[in-house]
Amino acid sequence: MSAGSVDAVVFDVGMVLIEWDPRHVYRKIFTRDDGSPDEDRVDWFLGTVCTMEWNIRQDLGRSIAEANAEAFERHPDWKDEIAAYYSRFQEMIPGPIEGTVAAMRALKARGVKVPGLTNFGRETFAETAKRFDFLNELDGVVVSGEEGVIKPDPAIFELLAERCGLVPERTLFVDDSAKNIESAGRLGFHTHHFTRGPDALRADLVALGLL
């Protein structure tokens, strides 16, 4: 990448603009006698009952009601704990990643287009956007749960480019997932793998002349 080669920056949401981890909820649910989290039970539950594969179905558009019904049938003895996944979803999001939000707002103030692209359930994204105003400041957000396709599928990147008027070769894509970064790169997007925090992202943005 070189200065002047990028005029839009696409932000992932979870773990780039906001923190997210279901363990924040299940460490409160599964505790030891002394009140400390029972990490073994947390790991078992999230690896066996409310798995990432189960959650991804919601990212693809399945409703919370359908998700709960399916999980209740598989694990009838864990209905309360299953229901907590989405009834307490906002507890999984302790807050924004402030440095990234500041960078996004600074880019927008300088006239750089800043769309969002996220694997997120339709219902949970709507409630999350009500909580965090900066998500509504993005120049459009493509939400997988509304489209029925998720990253790293090239189709969602193509949809993003068409809907937001992006030229991949002039667009920087920021995401914490290596698979998503690889997929975007194959389609011609510039990429920043968000693994070193907001300061490293800002350094790249400065090097590009965007900040």
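In short, a report on the structure. (Residues numbered from 1 in each chain as written. Predicted model: local features only at pLDDT ≥ 70, side-chain atom pairs only at ≥ 80, totals over all residues. Heavy atoms only, no water.)

Quick look at helix α11 (residues 198-207)
Residues that lie three or four places apart on an α-helix share one face, since the helix turns once every 3.6 residues. Turning to α11, its buried residues number three or more, namely Ala200, Leu201 and Leu205. The buried residues of α11 all sit within an arc of 140° when viewed along its axis, so they share a single face. Away from its buried face by more than 90 degrees, α11 exposes Asp199 and Ala207. Where α11 is buried, its residues contact β1 (8-11), α6 (98-109), β4 (171-175) and β5 (190-193). Taken from the residues just after α11, glycine 209 is the one with a positive phi, measuring 80°. (Buried < 20%, exposed > 50% of the residue type's maximum accessible area, 1.4 Å probe, protein only. Helix = DSSP H or I, 4+ residues; strand = E, 2+ residues; numbered from the N terminus. Arc of directions from axis to C-beta. Contact = heavy atoms within 4.5 Å.)

Remarks on the packing of aromatic side chains
By the definition in use, this model includes 17 aromatic pairs. Between tryptophan 54 and tyrosine 85 the ring centres are 5.1 Å apart and the planes differ by 90°, which places this aromatic pair in the edge-to-face class. Taken together, the residues span a long stretch of sequence, with tryptophan 54 in helix α3 (residues 52-59) and tyrosine 85 in helix α5 (residues 79-87) at a distance of 31 residues. For the pair phenylalanine 89 and phenylalanine 120, a centre-to-centre distance of 6.1 Å together with 70° between the ring planes defines the contact as edge-to-face. Here phenylalanine 89 is found in the loop between α5 and α6, whereas its partner phenylalanine 120 is found in the loop between β2 (116-118) and α7 (122-131), with 31 residues between them in sequence. As far as burial versus exposure is concerned, phenylalanine 89 and phenylalanine 120 are alike and both buried. One aromatic cluster is present, built from ring pairs that chain together Trp20, Tyr26, Phe30, Trp44, Phe45, Trp54, Trp78, Tyr85, Tyr86, Phe89, Phe120 and Phe125. (Phe/Tyr/Trp six-rings, centres within 6.5 Å; stacked < 30°, edge-to-face > 60°.)

A word on the packing of α3 against α5
Viewed as axis vectors pointing N to C, α3 and α5 meet at an angle of 45°, and their least axial separation amounts to 13 Å. What the angle tells us is that α3 and α5 run oblique. Considering only the axes of α3 and α5, their crossing is right-handed. Facing α3, whose interface residues are Trp54, Asn55 and Gln58, α5 presents Ile82, Tyr85 and Tyr86. (Axes fitted to C-alpha atoms, helices over the stretch in contact; angles between N-to-C directions. Parallel < 35°, antiparallel > 145°, perpendicular 65-115°, else oblique. Left-handed = near helix turned anticlockwise from the far one by under 90°.)

A word on a nonpolar patch on the surface
A cluster of nonpolar side chains, namely Met52, Ile56 and Leu60, defines an oily patch on the protein surface of about 230 Å² accessible area. Note that methionine 52 resides in helix α3. (Patch = residues over 30% accessible without salt bridge, like charges linked within 9 Å, V, L, I, M, F, W, Y side chains within 5 Å. Areas by Shrake-Rupley, 256 points an atom, 1.4 Å probe, with all protein chains shown as cover. Salt bridge = Lys/Arg side-chain N within 4 Å of Asp/Glu carboxyl O.)

Thoughts on the pattern of salt bridges
In the structure shown here, the tally under the stated rule is 13 salt bridges. One salt bridge connects arginine 23 with aspartate 43, and the closest N-O pair in it is separated by 3.4 Å. Of the two residues, arginine 23 sits in helix α1 (residues 23-29) while aspartate 43 sits in helix α2 (residues 39-48), which places them 20 residues apart along the sequence.

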